[in-house]
Amino acid sequence: MHIRKEEASDCEAVFHVIEKAFEHEIYTDHQEQFLVERLRKSTAFVPELALVAELDGEVVGYILLTKIQIVNEHASATSLAMAPVAVLPAHQGKGIGGQLIRYAHEKATELGFGAVVVLGHENYYPRFGYRLAGSYGIKLPFDVPAENCMAIELVEGALSNVNGMVEYPPEFNG
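Let us look at the structure shown here. (Residues numbered from 1 in each chain as written. Predicted model: local features only at pLDDT ≥ 70, side-chain atom pairs only at ≥ 80, totals over all residues. Heavy atoms only, no water.)

**Thoughts on the packing of aromatic side chains**
Tallied over the entire structure, the rule returns six aromatic pairs. Look at Tyr-124 and Phe-128: their rings are 5.2 Å apart centre to centre, the planes differ by 65°, and that puts the pair in the edge-to-face class. Take Phe-128: its relative accessible area is 13%, and that puts it in the buried class. Centre to centre, the rings of Phe-142 and Tyr-168 are 5.7 Å apart; their planes meet at 20°, and the pair counts as stacked. Taken together, the residues span a long stretch of sequence, with Phe-142 in the loop between β7 (138-139) and β8 (149-153) and Tyr-168 in the segment after β9 (164-167) at a distance of 26 residues. According to the relative accessible area criterion, Phe-142 is partly exposed, its value standing at 39%. In this structure, Arg-131 is placed above the aromatic ring of Tyr-136, and the distance from its NZ or CZ to the ring centre is 4.4 Å. (Phe/Tyr/Trp six-rings, centres within 6.5 Å; stacked < 30°, edge-to-face > 60°. Buried < 20%, exposed > 50% of the residue type's maximum accessible area, 1.4 Å probe, protein only. Helix = DSSP H or I, 4+ residues; strand = E, 2+ residues; numbered from the N terminus. Lys NZ or Arg CZ within 6 Å of the ring centre and 35° of its normal.)

Right, here's the structure in full:
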């Protein structure tokens, strides 16, 4: 398997991967592929953090990290949101998602980002070092179970003086 930066020619394959990956998920609006299309055109988009996983020349996985703000009454801090992580159903359970996450963390750190926030499965993301966002004093702006709201410090101490509400780019609102 090979992980690389997404290219314009990958957009159709990425759309398909995301659509199929979330097709049978219960807690989703099944619009993740359209969110990615909107985010690519936004100021939150970081091209180096839009990554595809290829297997035998086929795009089988995708991950996107985009810029967010964590805001309180005194300050605002730039961070990243991971959304989505997608792997074609036929390739799930083989570690591709995990490799995408680790690679994306590496790239984000190289680019100077210190932390990532994710809304996701409470039993999956902790294996990569994610903790409850609330333990950092970070809240998400929608009503979801606390155990699904997580964050990770890519750089030790990156969230030590950061707390508040995650402010997603407007593209997340559809």
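Additional details are given in the paragraphs that follow.
**Regarding the nonpolar core**
With 42 residues, the main nonpolar core has Tyr-62, Ile-63, Leu-65, Met-82, Val-116, Tyr-125 and Tyr-130 as its most contacted residues. Per element, the largest residue contribution to this core is seven residues, and it comes from strand β2 (residues 45-55). (Core = buried A, V, L, I, M, F, W, Y, C linked by side-chain atoms within 4.5 Å.)

**Some details on the environment of Glu-147**
Examined against the element boundaries, Glu-147 turns out to sit in the loop between β7 and β8. Once the C-alpha coordinates of Glu-147 and Thr-78 are considered, the two residues, 69 residues apart in sequence, prove to be 23 Å apart. If we skip the residues at most four places from it in the chain, Glu-147 touches Glu-122 and Leu-132. (Contact = heavy atoms within 4.5 Å.)

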